[in-house]
Amino acid sequence: MNKRSGGLGRGLEAIFNSNPKGDEPVSSVAVAELRPNPYQPRRVFDDEKIEELAASIREHGVIQPLIVRVAVRGYEIVAGERRLRASKLAGLTEVPVVVRDFTDRQMNEIALIENLQREDLNPIEVAEAYQSLMEKFDLTQDVLAKKVGQSRSHVANMLRLLNLPGEIREHVSRGTLSMGHARALLGLPDQKQQIALAEKAIDEELSVRQVEHLVNRMQNLGQRETKKAVKPNHVLKQYEEEFRTRLGTGVKIMQGKKRGKIEIEYFSTDDLERILSLLQNS
C-alpha cells in the first residue's frame with residue numbers, strides 16, 4: 001500500500017470506527033427511498049464500469065451492503081452510490097443496507113476519502129472537494145492535508161486549479177487536458193492567454209513539456225514588452241525561491257525601473273493568517 005492510500009485508509013477507518021459496528025443488522029430498503037450523499041464530490045460516473053457492476057449484481061446480487069443514514073425522507077447514502085446506480089440498472093427494487101448515525105461533517109469526509117481511496121475523482125473534483133471541506137468545516141490546509149493523507153503542498157497545488165477559467169477546468173475534468181497541463185497554464189497571468197494555449201494544446205496534442213516551454217516563452221515576451229528598460233535580475237529568482245520555501249506558497253517578485261512589488265498567493269482566510277504569522281515571526 002502506498003503512502004497516500006495508507007493515510008486515506010486510516011482517515012476513513014477512524015471515521016467509521018467512531019460508530020461501533022458490533023453485529024449490525026442488514027436491512028432491505030427500496031431503492032426509491034435512497035437519496036445520494038449530498039456531499040458526493042464525484043460528478044462523473046463511468047457508465048461502462050457501472051454496467052459491469054450491474055452485470056455482476058444480476059449474477060450474484062449486492063454482496064456488500066450500502067451504508068446509509070436516516071434522512072427527513074427515506075435514507076441518504078453514506079457509502080455505495082455506485083452500487084445503488086448499478087442495482088437500479090440491474091432492475092433491483094430493493095438493496096441491502098446498514099443504517100449508521102453520521103454527522104454532516106463525517107458524511108462529507110467519508111464521501112471524499114472513499115472516492116480518493118479508489119482514485120475515482122478527477123483533479124477538479126478533488127480540488128472542489130478540498131475547498132468544500134475547508135470552507136464548511138473551517139479547516140486549514142495543514143489539517144486537511146493530514147485528514148486526506150497528503151502533503152500541504154499537494155493540497156495547495158490542487159486548490160490552485162480552481163483559479164483556472166471554467167473552460168479549462170472542464171477539459172481537465174473530461175481528461176482532454178492533464179493536471180500537468182493545467183499547472184503549466186497557471187503560469188500565465190491572463191485567462192485569455194490560458195484559454196488560447198489550452199485550445200492549442202488540445203488541437204495539436206502538445207505534451208506537458210511543450211506547454212511549459214510555450215508558457216515560458218510567453219512570460220519572457222510579456223516581460224520584454226512591459227519592462228523593456230529593465231534587465232532580468234537572476235538574484236530575484238533566488239529571492240522568490242526563498243520566499244516560497246519559507247511561506248509554503250507561490251511568490252512572484254516583479255522589478256520595475258524604480259520600484260517593484262511582491263505577489264504572495266493564498267487560498268483561504270486561514271492560509272492568509274498562516275502566512276501573516278510566518279512573516280510576523282520571521
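Residues numbered from 1 in each chain as written. Predicted model: local features only at pLDDT ≥ 70, side-chain atom pairs only at ≥ 80, totals over all residues. Heavy atoms only, no water.

Remarks on the overall build of the chain
Now for step 1: In terms of regular secondary structure, the chain is built from 13 helices and 7 strands.
Now for step 2: Looking at the chain residue by residue over its 282 residues, the buried ones come to 41%.
Now for step 3: Counted over contacts in the chain with a minimum sequence separation of 6, partners at least 24 positions apart contribute 69%.
Now for step 4: Here the chain displays about 16700 Å² of accessible surface, and carbon together with sulfur accounts for 49% of that area. (Helix = DSSP H or I, 4+ residues; strand = E, 2+ residues; numbered from the N terminus. Buried < 20%, exposed > 50% of the residue type's maximum accessible area, 1.4 Å probe, protein only. Contact = heavy atoms within 4.5 Å. Areas by Shrake-Rupley, 256 points an atom, 1.4 Å probe, with all protein chains shown as cover.)

Quick notes on the packing of helix 5 (residues 123-137) against helix 6 (residues 141-148)
Now for step 1: As a packed pair, helix 5 and helix 6 sit with axes 10 Å apart at the nearest point and diverge in direction by 120°. Taken together, helix 5 and helix 6 sit at an angle that is classed as oblique. Handedness of the crossing formed by helix 5 with helix 6: right-handed. Residues Y130, L133 and M134 of helix 5 pack against Q141, L144 and V148 of helix 6. (Axes fitted to C-alpha atoms, helices over the stretch in contact; angles between N-to-C directions. Parallel < 35°, antiparallel > 145°, perpendicular 65-115°, else oblique. Left-handed = near helix turned anticlockwise from the far one by under 90°.)

Topic: the pattern of salt bridges
Should their charged atoms come close, side chains of opposite charge can pair.
Now for step 1: Tallied over the entire structure, the rule returns 13 salt bridges.
Now for step 2: When the shortest N-O distance is used, the salt bridge between R209 and E212 registers 3.7 Å. Here R209 pairs with E212, and both are found in helix 11 (residues 208-226), just 3 residues apart, close to one helical turn.
Now for step 3: For R209, a relative accessible area of 65% gives the class exposed.
Now for step 4: E212 gets classed as partly exposed once you look at its relative accessible area, which sits at 34%.
Now for step 5: With a closest N to O distance of 3.9 Å, K237 and E240 form a salt bridge. Of this pair, K237 and E240 are both found in helix 12 (residues 234-247), 3 residues apart, which corresponds to roughly one turn of the helix.
Now for step 6: Of the residues examined, E240 reaches a relative accessible area of 5% and is grouped as buried.
Now for step 7: Look at the salt bridges and you will find they share partners, linking K237, E240, E241 and R244 into a network. (Salt bridge = Lys/Arg side-chain N within 4 Å of Asp/Glu carboxyl O.)

Here's the deal with the nonpolar core
Now for step 1: Membership of the largest hydrophobic core comes to 33 residues, with the highest contact counts inside it found for Y130, L144, L185 and V211.
Now for step 2: Those elements that place two or more of their residues in this core are helix 5, helix 6, helix 7 (152-160), helix 8 (166-174), helix 9 (179-185), helix 10 (191-203) and helix 11.
Now for step 3: When residues no more than four places from it in sequence are discounted, the contact partners of L144 are Y130, L133, M134, L139 and V155.
Now for step 4: Counting 15 residues, the second-largest nonpolar core is a separate cluster that includes V29, L34, L84 and A90. (Core = buried A, V, L, I, M, F, W, Y, C linked by side-chain atoms within 4.5 Å.)

What about the sheet that holds strand 4 (residues 75-79)?
Now for step 1: With mixed pairing, the 5 strands of this open sheet are ordered in space as 1-5-3-4-2. Sheet topology places strand 1 (27-30) and strand 2 (34-35) at the edges, where each strand pairs with a single neighbour.
Now for step 2: As paired strands, strand 2 and strand 4 are joined by 2 bridges and run parallel to one another. Of the residues in strand 4, the one forming a bridge with L34 is Y75.
Now for step 3: Sheet strands touched by helix 3 (residues 81-89): strand 2, strand 3 (66-70), strand 4 and strand 5 (94-99). Its angle to strand 4, the strand with the most contacts, is close to 120°. (Pairing = 2+ DSSP bridges.)

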